[in-house]
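# Overview (structure and organization)
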Amino acid sequence: SQAHSQARSQARSQARSQARSQARSSHRKDRSQKKFVQEKGGRRRLGKKAKHPPYQQADVDQHAPFIRQSWNRTLELAGYSGFGNAFYDNLFSDAPDLQSLFTRRRDEMAVKFVDMLSTLEHNIDSPPKLHDTLEDLSVMHIRRGVQAAYMKPMGEVLFKSLKQVLGEEWTEQTEAAWTWVWSFMTESMARTLQQGNESSSHVIMSWDAALEKHSEMEVGEMVYDAVMLVAPNLRQIFSRPRQVMAMKFFDMMGTIVSFADDEERMNQQLLWQGIRHVQYGAKPQHSTILGNVIVSVMENVAGEEWSEESETAWRELWDKATKAMMLAIKDAEQHTAIVDEMWKGMQKKATPTTFGSLMASLMTKHHPDLVTKFTRSYVADTKKDEEEDS
């Protein structure tokens, strides 16, 4: 009876421990997914960026106060929609050739343009941040046919609109300040458009277009469904639930896109994915199937943004990714058998507890700082998980 009681108690303890472990794993996965969406927006790329134009801090200190004061005063006098509509009235009157770039409703465009100028004013003390704003918009600008040369007529219209609102408050210092910042923005626009027009931009543009029309889950599910349709025998490899596999497919595609213009960093990321895929039974020939599926799905979800250049860019990117992953799989297959034999031999001579204690003792002896750092990190993660559980 006592033995049965102890067994039941031990089983309950193991069940609770396993539940907590699963919960922590789930929370970590949720946080990882949120981080991916927040940092990359499911789209944001981390590869090469255009360097911001040079600037002098003395110019920032001189002109920033006039930008800030004049912009706040403009909003006081005209309001958001008032100034935005006045700007587009002047733009379409003075530069009618640019009207084709602005296809949305007038009131919506007015608010967006004033939002952009408010962001400019907010970041006026940091020109690199102004540059980053244009960097993030470069793909959209390229898709809409924006050219750096358009900044000159738009600047002239902007100054005219500001003068109309401010009247006598538009001073020489104010004009000098806006001329300075618009010159910086013009050069920044030229640099971001030039960088964005590299071959990787075709991948990024079609990716952004797809995610404007579909959610991350929808894109992942389309890939999963297409794989199961053309190669149902792969179901044994992709055996986890459909939604789980869909997000894994999406994350994989997002990783490749994120490093589309930085092959070295992409190879580092795919090295670990390739090693893990050995465990699932992935073979080199599977990459061809998956590559064709991804190109087909991207053509479908990108819609009118898809082109022959897009298909070429995606196939080239997938070939690079596949080569990196196949090298990792080949290395892993070569060494897996040896590692497995070593592990089996260890299990015959020691229990997990004995092995873990020995590892902890050796690590503490030879790398105490690393053990301390790991322990603090583990305690902090555990505490955070418990707080989230409660």
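Residues numbered from 1 in each chain as written. Predicted model: local features only at pLDDT ≥ 70, side-chain atom pairs only at ≥ 80, totals over all residues. Heavy atoms only, no water.

Next up on the list: the packing of aromatic side chains. Here the distance between the centres and the angle between the planes together describe a pair of aromatic rings. All chains considered together, the criterion is met by 15 aromatic pairs. Summarising the aromatic geometry, the rings of Phe87 and Tyr88 are spaced 5.2 Å apart at their centres and angled 80 degrees between planes, so their arrangement reads as edge-to-face. As far as the burial class goes, Phe87 and Tyr88 line up, both buried. Measuring from ring centre to ring centre gives 6.3 Å for Phe92 and Phe102, while their planes differ by 50 degrees; the resulting arrangement is tilted. With Phe92 in helix α3 (residues 80-94) and Phe102 in the loop between α3 and α4 (106-122), this residue pair connects regions lying 10 residues apart in the sequence. On the basis of relative accessible area, Phe92 is assigned to the buried category, the value being 15%. An aromatic cluster is defined as three or more aromatic residues linked by ring pairs; in this entry it consists of Phe87, Tyr88, Phe92, Phe102 and Phe113. (Phe/Tyr/Trp six-rings, centres within 6.5 Å; stacked < 30°, edge-to-face > 60°. Buried < 20%, exposed > 50% of the residue type's maximum accessible area, 1.4 Å probe, protein only. Helix = DSSP H or I, 4+ residues; strand = E, 2+ residues; numbered from the N terminus.)

The next thing to look at is the pattern of salt bridges. When charged atoms on two side chains of opposite charge get close, those side chains can pair. With the rule as written, the count across this model stands at 12 salt bridges. A salt bridge links Glu76 to Arg73, with the shortest nitrogen-to-oxygen separation between them at 3.1 Å. One end of the pair is Glu76 and the other is Arg73, both in helix α2 (residues 57-78) and 3 residues apart, which spans about a single turn. Under the relative-accessibility criterion, Arg73 is labelled partly exposed at 27%. Asp225 is the salt-bridge partner of Arg242, the closest N and O atoms lying 2.7 Å from each other. One end of the pair, Arg242, is in helix α10 (residues 242-258); the other, Asp225, is in helix α9 (residues 216-230), with 17 residues separating them in the sequence. On the basis of relative accessibility, which here comes to 36%, the residue Arg242 falls in the partly exposed class. Because the salt bridges share partners, they merge into one network encompassing Arg68, Glu121 and Asp125. (Salt bridge = Lys/Arg side-chain N within 4 Å of Asp/Glu carboxyl O.)

Its 15 residues place the ends of α9 22 Å apart at the C-alpha level, agreeing with the 21 Å of an ideal helix rising 1.5 Å per residue. Looking at α9, one finds that the buried residues are Val219, Gly220, Glu221, Val223, Tyr224, Val227 and Met228. (Expected span 1.5 Å × (residues − 1).)

A few words on the side chain of Ser118. Here Ser118 shows up in helix α4. By relative accessible area, Ser118 is classed as buried at 16%. Ignoring any residue separated from it by four or fewer positions in sequence, one finds Ser118 in contact with Trp71, Leu75 and Tyr80. (Contact = heavy atoms within 4.5 Å.)

Turning to its location among the elements, Ser307 is positioned in the loop between α12 (284-302) and α13 (308-349). A residue is classified by how much of its surface remains accessible, and Ser307, at 24% relative accessible area, is partly exposed. Between the C-alpha atom of Ser307 and that of Ser206, which follows or precedes it by 101 residues, the distance is 8.9 Å. Reaching out from Ser307, the side chain makes a polar contact with the side chain of Glu309 at a distance of 3.2 Å. (Polar contact = N/O pair within 3.5 Å; in protein donor to acceptor, adjacent residues only side chain to side chain.)

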